[in-house]
Amino acid sequence: LLKRYPEIEYAEPNYLRYLNAIPNDPDYPDMWGLNNTGQAGGTLDADIDAPEAWDISTGNPSMVVADIDTGLDLGHVDFAGNIYTNPGEIAGNGIDDDANGYVDDVNGWDFARDDNNPNEEAICGGHGTHTAGTIGARGNNGIGVTGVNWNVKIMPLKIFKVYFVILCSASSSDIISAIDYAAMMGVRVSNN
């Protein structure tokens, strides 16, 4: 509107500006994928520009991201406050409170074993916790690493288990079931 007047040379919206958001997590400087300063011989700025994004937003605690993988270490301190909790379910009562077909699916589901424990096991080792950490390890908490989203809810959907004693694998039907579950629960973003 102001640009229409000939006496006004320049006008722009009154943007809100934010301080630089760099987390205080001790291992953040080693996370070259988020911000590559050439550390460890890396290529300067070959990264996802996370600090630039954090100046705009560090996540949204109402956003749920499904992590379809080997599970998640639910007790890991860097996920405190960032693990999804099903609001329609009462933990440990043995009832499908929200009538979605899954009993006590409080924090997600283990499709490989068809139970309500998506906690990661050492035998299929660490990949789900790693990917969940990239998505949403709690940032700026002075602990470990930081995720792309400092504030988010991670819904662990476990699809891997050991087949034939040594082979950690996921069946196609479990993968499809996990994707269907995430969609049924209204999750719009998933890491597969």
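Conventions used here
- Residues numbered from 1 in each chain as written.
- Predicted model: local features only at pLDDT ≥ 70, side-chain atom pairs only at ≥ 80, totals over all residues.
- Heavy atoms only, no water.
- Core = buried A, V, L, I, M, F, W, Y, C linked by side-chain atoms within 4.5 Å.
- Buried < 20%, exposed > 50% of the residue type's maximum accessible area, 1.4 Å probe, protein only.
- Helix = DSSP H or I, 4+ residues; strand = E, 2+ residues; numbered from the N terminus.
- Pairing = 2+ DSSP bridges.
- Contact = heavy atoms within 4.5 Å.
- Axes fitted to C-alpha atoms, helices over the stretch in contact; angles between N-to-C directions.
- Polar contact = N/O pair within 3.5 Å; in protein donor to acceptor, adjacent residues only side chain to side chain.

Asker: Explanation requested: the nonpolar core in the structure shown.
Answerer: Note on soluble globular proteins: their nonpolar side chains tend to be buried together. If you look at the biggest cluster of nonpolar residues, it comprises 14 residues, and the most contacted ones within it are Ala66, Phe111, Met155, Leu157, Ala178, Tyr181 and Val187. For this core, the elements supplying multiple residues, two or more each, are β1 (59–69), β3 (151–158) and α3 (172–184). Judged by nonpolar contacts, the second largest core, of 8 residues, contains Phe79, Ile135, Val152 and Ile154.

Asker: Help me understand the pairing of β1 in this model?
Answerer: The two faces of the sheet receive side chains in turn, since in a regular strand these alternate between them. As paired strands, β1 and β3 are joined by 7 bridges and run parallel to one another. Directly across from Ile68, in β3, lies its bridge partner Leu157. Across 3 bridges, the pairing between β1 and strand β6 (residues 189–191) is parallel. In the sheet register, Asp67 faces β6, and the bridge partner there is Asn191.

Asker: Can you help me understand the sheet that holds strand β2 (residues 109–110) in this one?
Answerer: Within a beta sheet, neighbouring strands are joined by backbone hydrogen bonds and run either parallel or antiparallel to one another. Across the sheet, 4 strands lie side by side as β2-β3-β1-β6; this open sheet has parallel pairing. The two strands at the open ends of the sheet, each matched to only one other strand, are β2 and β6. Strand contacts of α3: β1 and β3, with the helix running at about 145° to β3, the strand carrying the most contacts.

Asker: Help me understand the side chain of Gln39, please; the structure alone is not making it clear to me.
Answerer: Mapped onto the secondary structure, Gln39 falls in the segment before α1 (50–54). A polar atom in the side chain of Gln39 sits 2.9 Å from the backbone oxygen of Pro29. A polar side-chain atom of Gln39 sits 3.3 Å from the main-chain carbonyl oxygen of Asn35. Ignoring any residue separated from it by four or fewer positions in sequence, one finds Gln39 in contact with Pro29, Asp30, Met31 and Trp32.

Asker: What is the right way to look at the environment of Ala170 in this model?
Answerer: The topology assignment puts Ala170 in strand β5 (residues 167–170). Classification of Ala170 as partly exposed rests on a relative accessible area of 24%. Between the C-alpha atoms of Ala170 and Ala112, which are 58 residues apart in sequence, the distance is 7.1 Å. Ala170 has contacts with Ile159, Phe160 and Ile175, leaving out every residue within four places of it along the chain.

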